[in-house]
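Residue-level structure breakdown
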Amino acid sequence: MLNFFRGTATAMITPFTKDGKVNFDSFGRMIEFQIASGTDVLVILGTTGEPATMSESEKEEVMRFSVQKVAKRAKIVFGSGSNCTAHAVEASIKAEKMGADGLLVVTPYYNKCTQNGIYEYYKTISEAVRIPIICYNVPPRTGVNILPATMEKIATLKNIAGIKEACGNMEQICETMRRIRGKCDLYSGDDNLNLPILAIGGAGLISVASNIIPKETKALYNFMKAGDLDSANAIQDRMLPVIDAMFMEVNPIPAKAAADLIGLDAGAPRAPLTELEPAHKEEMIRILKNFGLKLTV
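What this report covers is the structure whose coordinates are included nearby. Predicted, not measured: the structure shown is a model, and the values here were computed from it.

Glancing now at the environment of Ala-161. Its place among the elements puts Ala-161 in strand 6 (residues 160-165). What makes Ala-161 buried here is its relative accessible area of 0%. For the pair Ala-161 and Gln-115, spaced 46 residues apart in sequence, the C-alpha to C-alpha distance is 19 Å. Setting aside anything within four residues of it in sequence, one finds Ala-161 in contact with Met-1, Phe-4, Pro-132, Ile-133, Ile-134, Cys-184, Asp-185 and Tyr-187.

Structure (structure tokens):
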């Protein structure tokens with residue numbers, strides 16, 4: 001399927017209080033910040049949202065709160081992937097019942113299944129739900145890579161909306177785009193590659209950096225879709241130091257630190273993730289100030 005969304009999506013942080021609970025006051029402010037900035041889709045409980053350290057009841061609370069808070073002002077995509085197909089199906093059905101507009105389904109991780117196993121995983125989930133599914137390819141985290149021929153096969157399933165590509169290999173991404181063009185969409189899942197992925201026909205961006213700079217992320221998308229390559233290059237050049245800063249340590253450690261610095265009160269990540277190291281925090285402050293952001297320090 002095509003055209004589930006066109007534009008920008010933010011891979012949302014899940015903020016936590018000092019005692020480790022979900023901070024719904026802060027999360028509500030983050031949602032309002034994104035909507036006011038023109039973000040089209042909120043991706044909730046993806047990698048950046050730390051679902052791996054959240055209980056099922058916490059995830060349900062986050063889903064329920066998100067649907068009520070967004071109130072159809074933007075699309076909501078919930079993460080529902082797993083290293084267990086049965087659990088992914090259960091999570092996907094639950095997300096659909098909770099009001100998701102779509103699902104972000106990461107490949108099975110740790111198990112390292114075959115390409116046929118990847119196809120069967122998505123086929124099983126596709127048969128269990130009616131809403132659009134975005135496959136999520138991020139082999140540096142999962143150890144599994146959706147190869148272009150496999151994605152071409154997956155694209156024939158009834159409600160596969162596309163693939164979020166974060167494999168880091170532009171040659172592979174181009175081949176995947178060639179094979180799925182006209183069948184389903186391809187989304188950038190790597191902020192550093194936003195511009196070239198849009199240039200080859202990418203339908204949109206699923207961004208970590210847009211937690212901090214959502215307006216600029218949307219402007220990049222708009223410039224590319226308008227064919228204004230000079231303006232797109234100029235804003236991408238300006239954004240790159242901030243994008244790089246989002247990955248100076250493993251995501252979402254830097255993104256949460258940056259959100260705190262601009263007053264969004266993200267709190268600390270959950271263990272085993274740790275807070276941003278002091279030297280990196282000083283570098284983050286410098287980069288955000290240079291970008292022109294107003295900081296709380």
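That was the structure; now back to the text.
Alignment of strand 2 (residues 41-44) against strand 3 (residues 75-79), held across four bridges, turns out to be parallel. Bridged to Leu-42 within strand 3 is Ile-76. As for the winding sense of the linkage, the β-α-β connection from strand 2 through helix 2 (residues 56-70) to strand 3 is right-handed. Where strand 3 lies against strand 4 (residues 102-106), three bridges are found, and the strand directions are parallel. By the bridge assignment, Gly-79 is partnered in strand 4 with Leu-104. Following the backbone out of strand 3, through helix 3 (residues 85-98) and into the adjacent parallel strand 4, one traces a crossover that is right-handed.

Applying the stated criterion across every chain yields a total of five aromatic pairs. With centroids separated by 6.1 Å and ring planes inclined at 80°, the aromatic side chains of Phe-4 and Phe-5 adopt a geometry described as edge-to-face. For the pair formed by Phe-4 and Phe-5, the shared burial category is buried. Ring centres 5.0 Å apart and planes at 75° place the aromatic pair Tyr-121 and Tyr-122 in the edge-to-face group. For the pair shown, Tyr-121 and Tyr-122 are each scored as buried. Lying across the ring of Phe-291, Arg-238 places its NZ or CZ 3.9 Å from the centre. In this arrangement the basic side chain of Arg-270 is found over the ring face of Phe-16, its NZ or CZ atom lying 4.2 Å from the centre.

Attention now goes to the pattern of salt bridges. Per the counting criterion, the structure on display carries 15 salt bridges. Note that Glu-58 and Arg-270 form a salt bridge whose closest N and O atoms lie 2.6 Å from each other. You can see Glu-58 sitting in helix 2 and its partner Arg-270 sitting in the loop between helix 11 (253-261) and helix 12 (278-291), a full 212 residues away along the chain. For the pair Glu-58 and Arg-270, a shared accessibility class is recorded, and that class is buried. Each of Glu-56, Lys-59, Glu-60 and Lys-94 takes part in salt bridges that share partners, so that together they form one network.

What counts and how
- Residues numbered from 1 in each chain as written.
- Predicted model: local features only at pLDDT ≥ 70, side-chain atom pairs only at ≥ 80, totals over all residues.
- Heavy atoms only, no water.
- Helix = DSSP H or I, 4+ residues; strand = E, 2+ residues; numbered from the N terminus.
- Buried < 20%, exposed > 50% of the residue type's maximum accessible area, 1.4 Å probe, protein only.
- Contact = heavy atoms within 4.5 Å.
- Pairing = 2+ DSSP bridges.
- Right-handed = clockwise from strand over helix to strand, strands pointing away.
- Phe/Tyr/Trp six-rings, centres within 6.5 Å; stacked < 30°, edge-to-face > 60°.
- Lys NZ or Arg CZ within 6 Å of the ring centre and 35° of its normal.
- Salt bridge = Lys/Arg side-chain N within 4 Å of Asp/Glu carboxyl O.

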